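Per-entry structural report
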Amino acid sequence: MDHKKLAELLFPDIDKTPEDYEKIYPERDLAEGSVVTRLAPSPTGYIHLGNLYGAMVDERLAHQGGGVCYLRIEDTDEKREVEGAVPVLLDTLSYFGIEFDEGACKAGTPGSEPVPSEEGAAQRGAYGPYWQSMRSSIYKACVKKLVAEGKAYPCFMTEEEIADIRAAQTAAKLDPGIYGQYAKHRDLTLEEVERRLAEGQEYVVRFRSEGDPSRYFKVRDAIRGEISMPENIQDVVILKKNDLPTYHFAHVVDDHFMRTDIVVRGEEWMASLPIHEQLFKAMGWEIPLYCHNTSLMKIDEATGQKRKLSKRKDPELGLSFYKELGYFPEAVREYLMTILCSDFEQWRMANPDTDYNEFNFSPDKMSDSGTLFDINKLNDVSKDVLARKSAAQIYDFMLGWAEEFDKDKYALLKENKDMLLKVFDIDRGGEKPRKDLVYAQQIFAFIKYFFDETFEYESEWPAEVSEEDRAEILRRYIEGYDPSDDNSAWFEKVRGITADLGYAVKPKDYKKNPDAYKGHVGHVSGVIRIAITGRANSPDLWTVQQIMGTEMVRKRIEKAIEA
RNA sequence: GGCCCCAUGGUCAAGAGGUUAAGACAUCGCCCUUUCACGGCGGUAACCCGGGUUCAAUUCCCGGUGGGGUCACCA
């Protein structure tokens, strides 16, 4: 069999060789210690926490050492493609603080050229194109070389034939797949190939595996250290009928010619390492450093079992979930860092105000077992993040969020800027700031009593106070209310009412001697608090009233007396 | 089923051949306090099992078990 002739027959119009591309895409000239990483999503229009998790690793690895992080679009499967996915992807990643130096970018980015296939998107950089669908001739040059060397061959088997083989293998408890004797078109003669081609038969190109499963190879992984696996024996498809490569081959070719140093990807790819190792070797290329990170898991309510988060079942996996609830992007990032990197949380405690980019990120500190997603922990991290923000930052963020997701609230926020700045400033700054703000939707619910439009009674009146006493407390309270009182003068008046009506001024007295009083000052001020805020819990009432203004205070008290 | 990865409190996790086995979240109690939040103090709670190696294994090795992943012309 003349392999060179076969290669010519299959790819008559491919005139470049891999060697030519070596020159077109030379080794990068980077400072010592800098690395090239990449994010390589398929444009399905769906971005999830796991993508962000990986993207953060790519971004940190590259940027903390002055390296390059680029974005490559893996669009070799037109079935999965979603129109407009790339600009959305870029926007979302940017929202969460991930920016790329090279590759796919937004249309209009300086130094970029438009991409015809994708509206709103463009690309830049010397190692492109960055859409795999535009790189067909590069892949084919590499396939042609493999065919010419007898390492790959055309396979004309139909889907039915393959299904039959698989069925027989499964029945016989053999490993399924096209390998060894099942690779029926491995050794077709040139004439046979010519004949089938002339008949218009379609084909794929398969790699001719010389692997021996009793032989093991070793690959280094940045997280797990050395991984040892048996050699691959499958004649995997490297070029599909649509003239584009499979993931396996595209990965090898692109990460080689784009000069990627570290391949960060999900651990689900570890199983195909034997294929990749084999392909790199066949091409005569150096294998990159892999960084297989773990999946985010959750406990399935139905089964009680730990399982990988799934985009169909778990809305909390989608990044849009956090955006819609109004989590600060920084909070999501901090949370991811704390579960991603075992030493981040300690570092953060020691450096509460330092930019997280100052943290020294190291892959060997990354988790190597599947991490259970914990919304509790996210919320806790978020509270700390928001506690560090200024009232103006909170306000601006809320406004931006409401503009996109809740127009009614947007109007309210917009009209009451001065008041809200004061609201968000309650107990902010200082040594022990309040930590009750978590995400926009929750924050709005938390402050809703500042608006008549959203005020409602959410708590029960204290059981210790009778209805008559309640009305009496409120009447006396509003009679004596003077907004110019300072906090202690104001509270003295509340104490006065408390004592007059037979309640204990000191809660301890009541606790010691419950029969001597109807209740204590906490119950009396509880009545006032519910009247003003609609709930039993709130920040310091005096402060709240100062912010609300006298008119609103009066209206609330009157409303409560009527109730 | 084959292959691979993983295994420390409920969760995230540090850790070394000999430790009272960190810390954070959650939880419980107390303190502060007119409520909440913050803060402080304290409590409950863990090395999957069985063999080996060793004076000594939770730590190293082997084997189970459990969980996860993967076996496409999808990535």
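Presented here is a report on the structure given in the accompanying data block. A quick note: this is a predicted structure, and the numbers were derived from the prediction, not measured.

By size, the foremost hydrophobic cluster in this structure holds 109 residues, and its most contacted members are Leu49, Leu336, Phe361, Phe424 and Phe450. If sequence neighbours within four positions are ignored, phenylalanine 450 has contacts with Met419, Val423, Val544, Ile547, Met548, Met552 and Arg556. Counting 49 residues, the second largest nonpolar core, distinct from the first, contains Phe11, Tyr130, Ile227 and Ala250.

Once that is clear, we can look at the sheet that holds strand β6 (residues 152-155). Strand order in the open sheet made by the three strands is β6-β7-β10, with antiparallel pairing throughout. Two strands close off the open sheet at either side, each with one partner strand: β6 and β10 (237-239). On average, each strand axis in the sheet is tilted by 45 degrees relative to the strand beside it, whichever way the strands run. Across two bridges, strand β7 (residues 204-207) lies against β10 in antiparallel orientation. Along β10, the bridge assignment pairs arginine 206 with valine 237.

Where burial is concerned, the two faces of β6 agree: the one with Ala152 and Pro154 and the one with Tyr153 and Cys155 are both buried. Relative to β7, β6 is paired through four bridges, and the arrangement is antiparallel. Bridge assignment links tyrosine 153 to a residue of β7, and that residue is arginine 206.

A contiguous patch of positive charge, built from Lys506, Lys508, Lys511 and Lys512, is present on the exposed surface. Mapped onto the secondary structure, lysine 511 falls in helix α20 (residues 507-512). On the accessibility criterion, lysine 511 (65% relative accessible area) is exposed.

On to helix α5 (residues 136-148), then. The end-to-end C-alpha distance of α5, which contains 13 residues, comes to 18 Å, matching closely the 18 Å that a straight helix rising 1.5 Å per residue would cover. Taken as a whole, α5 has its buried residues at Ser136, Ile138, Tyr139, Lys140, Ala141, Cys142, Val143, Lys144, Lys145, Leu146 and Val147.

A separate point is the side chain of glutamate 334. As for its placement among the helices and strands, glutamate 334 is situated in helix α11 (residues 329-340). Excluding anything up to four places from it in sequence, glutamate 334 contacts Phe344, Arg348, Tyr356, Val381, Val385 and Arg388.

On to the protein's contact with RNA strand B, then. Taken together, 58 residues lie near RNA strand B, and Arg166, Arg224, Lys240, Arg434 and Asn537 sit nearest. For RNA strand B, the backbone portion of the atoms within 4 Å of the protein, that is sugar and phosphate, comes to 72%. The separation between a phosphate oxygen of RNA strand B and a polar side-chain atom of serine 342 is 3.2 Å. Between RNA strand B and arginine 529 there is a distance of 3.1 Å, counted from a base oxygen to a side-chain nitrogen or oxygen. Among the elements that line the surface near RNA strand B, the one with the most residues is helix α21 (residues 521-533), at four residues.

Procedures and definitions
Residues numbered from 1 in each chain as written. Chains lettered and ligands numbered in written order. Predicted model: local features only at pLDDT ≥ 70, side-chain atom pairs only at ≥ 80, totals over all residues. Heavy atoms only, no water. Core = buried A, V, L, I, M, F, W, Y, C linked by side-chain atoms within 4.5 Å. Buried < 20%, exposed > 50% of the residue type's maximum accessible area, 1.4 Å probe, protein only. Contact = heavy atoms within 4.5 Å. Pairing = 2+ DSSP bridges. Helix = DSSP H or I, 4+ residues; strand = E, 2+ residues; numbered from the N terminus. Axes fitted to C-alpha atoms, helices over the stretch in contact; angles between N-to-C directions. Patch = residues over 30% accessible without salt bridge, like charges linked within 9 Å, V, L, I, M, F, W, Y side chains within 5 Å. Areas by Shrake-Rupley, 256 points an atom, 1.4 Å probe, with all protein chains shown as cover. Salt bridge = Lys/Arg side-chain N within 4 Å of Asp/Glu carboxyl O. Lys, Arg positive; Asp, Glu negative; His and termini not counted. Charge placed at Lys NZ, Arg CZ, Asp CG, Glu CD. Expected span 1.5 Å × (residues − 1). Near = heavy atom within 4 Å. Polar contact = N/O pair within 3.5 Å; in protein donor to acceptor, adjacent residues only side chain to side chain.

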